[in-house]
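Residue-level structural notes
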Amino acid sequence: MNGGGPTIIGPLPAKTSLQVNGRQLDFVAEPATTLLEALREQCDVTGPKEVCDRAACGGCTVLLDERPVASCMMLALDATDRKITTVEGIGSVDAPDPLQMAMAEFDAMQCGFCTPGVVTAAKALLIQNPRPNLDEIRAALSGNLCRCGTYPNIFNAVLVASGQEPVEEPTDRGRSASGERA
Ligand code: FES
Ligand code: FES
């Protein structure tokens, strides 16, 4: 404390603690470190991707107390008392989340660079709305850009993960709406 005033941190590197995927991660970083930089460079949590670095693409999406945020636009210090979930915390290879299973089933990726952000944003939607319709899915993922254009397969995956039928005409990499693989 500063004479009863606000806590002053910096300009030198400061101790920081983040609660990431159920683990407490402690490190020292400059106060200007973004949450994305802290996750990737200090915590070795590399699911969130840096693409635009200006909240325009969604590649760095993480959950902050179950709400999606662009981690490139938030200071790590502002996230110290929040529960952070990245794509690594949604499921694992041994215990994947149904959403991750559906993404794989529908081949909802090509280069995969957008995929961690897409899965994280879609998970946030399903937490808030367990049975979203297609318009709600499109709106929830409108901030997540996929340069490979796998949107139809992504939308189908979210529908199936929420117990609904796929409705989009899949790209030729995905399963057909009748359930057969293309
Ligand atoms: S890298 Fe954060 S939104 Fe694009
Ligand atoms: S799969 Fe390549 S950017 Fe989405």
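Model, not experiment: these values are computed from the prediction. In every chain, residue numbers begin from 1 and rise along the written sequence. To read the labels, note that chains go from A and ligands from 1, taken in the order they are written. Residues qualify for local features only when their pLDDT is at least 70, as the model is predicted, and side-chain atom pairs are given and counted only at 80 or more; totals for whole chains, interfaces and linings, by contrast, use all residues. The side-chain figures draw on all heavy atoms in the structure; neither hydrogens nor water molecules are used.

Turning our attention to unusual backbone geometry. At the junction of Gly-10 and Pro-11, the peptide bond is cis and its omega measures out at 10° in the coordinates. Helix and strand assignments follow DSSP, with helices taken as H or I runs no shorter than four residues and strands as E runs no shorter than two, numbered in order from the N terminus. Among the structural elements, Pro-11 can be located in the segment before β1 (14-20). Even without glycine at this site, Asn-21 takes up a positive phi of about 50°. When you line up the elements, Asn-21 lands in the loop between β1 and β2 (23-29).

Turning our eyes to something else, we now look at the pattern of salt bridges. Every case where a carboxyl oxygen of Asp or Glu lies within 4 Å of a side-chain nitrogen of Lys or Arg is listed as a salt bridge. The tally for this structure, following the rule as stated, stands at 2 salt bridges. Residue Asp-97 is joined to Lys-123 by a salt bridge in which the shortest nitrogen-to-oxygen separation is 2.8 Å. Taken together, the residues Asp-97 in the loop between α2 (87-90) and α3 (98-105) and Lys-123 in helix α4 (residues 115-128) connect sequence positions 26 residues apart.

Next up on the list: the domain arrangement of the protein. As a measure of interface size, the accessible area lost when the parts come together is often cited. An automatic or database domain assignment supplies the residue ranges for each domain. Looking at the protein, the domain boundaries give domain 1 (14-89) and domain 2 (91-161). Relative to domain 2, the C-alpha centre of domain 1 lies at a distance of 20 Å. Across the contact, 19 residues belong to domain 1 and 16 residues belong to domain 2. Its largest share of buried area at the contact with domain 2, domain 1 owes to Cys-57, Glu-66 and Val-87, together 34% of the area lost on that side. Viewed at the interface, domain 2 and domain 1 are joined by 0 salt bridges. N or O atoms closer than or at 3.5 Å make up a polar contact, with two conditions inside protein: a donor-capable atom paired with an acceptor-capable one, and, for residues adjacent in sequence, both atoms drawn from side chains. At the boundary of domain 1 with domain 2, the tally comes to 3 residue pairs in polar contact (both at pLDDT 80 or more). Contributions of two or more residues to the side of domain 1 that touches domain 2 are made by β3 (61-64), β4 (67-70) and α2. For the side of domain 1 that touches domain 2, the per-class residue count stands at 7 nonpolar, 7 polar and 5 charged. Throughout, a contact is declared for two residues whenever any of their heavy atoms are within 4.5 Å. Summed over both partners, buried area is the accessible surface (1.4 Å probe) that two parts give up on being assembled. All residues other than Ala, Val, Leu, Ile, Met, Phe, Trp, Tyr, Cys, Pro, Asp, Glu, Lys and Arg, Gly among them, are scored as polar; the first ten of these are nonpolar and the last four charged.

A word on the packing of α3 against α4. Note on definitions: angles span 0 to 180 degrees between N-to-C directions of axes, and those axes are lines fitted to C-alpha atoms, for helices only across the stretch in contact. The interhelical angle for the contact between α3 and α4, taken along N-to-C directions, is 130°, at an axis separation of 10 Å. Our classification of the angle between α3 and α4 gives oblique. Judged by the twist between their axes, the crossing of α3 over α4 is right-handed. Contact residues: Leu-99, Gln-100 and Met-103 in α3; Thr-115, Val-118, Val-119, Ala-122, Lys-123 and Leu-126 in α4. For classification purposes, angles smaller than 35 degrees are called roughly parallel, those larger than 145 roughly antiparallel, those between 65 and 115 roughly perpendicular, and all remaining angles oblique. Note on convention: near helix rotated counterclockwise from far helix by under a right angle means a left-handed crossing. Clockwise means right-handed.

Throughout this description, buried means an accessible area under 20% of the type-specific maximum (1.4 Å probe, protein chains only), exposed means over 50%, and partly exposed covers the range between. Inspection of helix α1 (residues 35-42) places Leu-35, Leu-36, Ala-38 and Leu-39 among the buried residues, and these make up the whole buried set. In the core, the buried residues of α1 are packed alongside β1, β2, β3 and β5 (83-85).

The predicted coordinates should not be examined in detail at positions where pLDDT is low. Of the residues in the protein, 92% reach a pLDDT of 70 or more, and the chain-wide mean stands at 92. Every residue in residues 174-179 scores below 50 in pLDDT, and together they form 18 contacts with partners more than four places removed in sequence or on other chains. Per-residue confidence from the prediction method is given by pLDDT, with values spanning 0 to 100.

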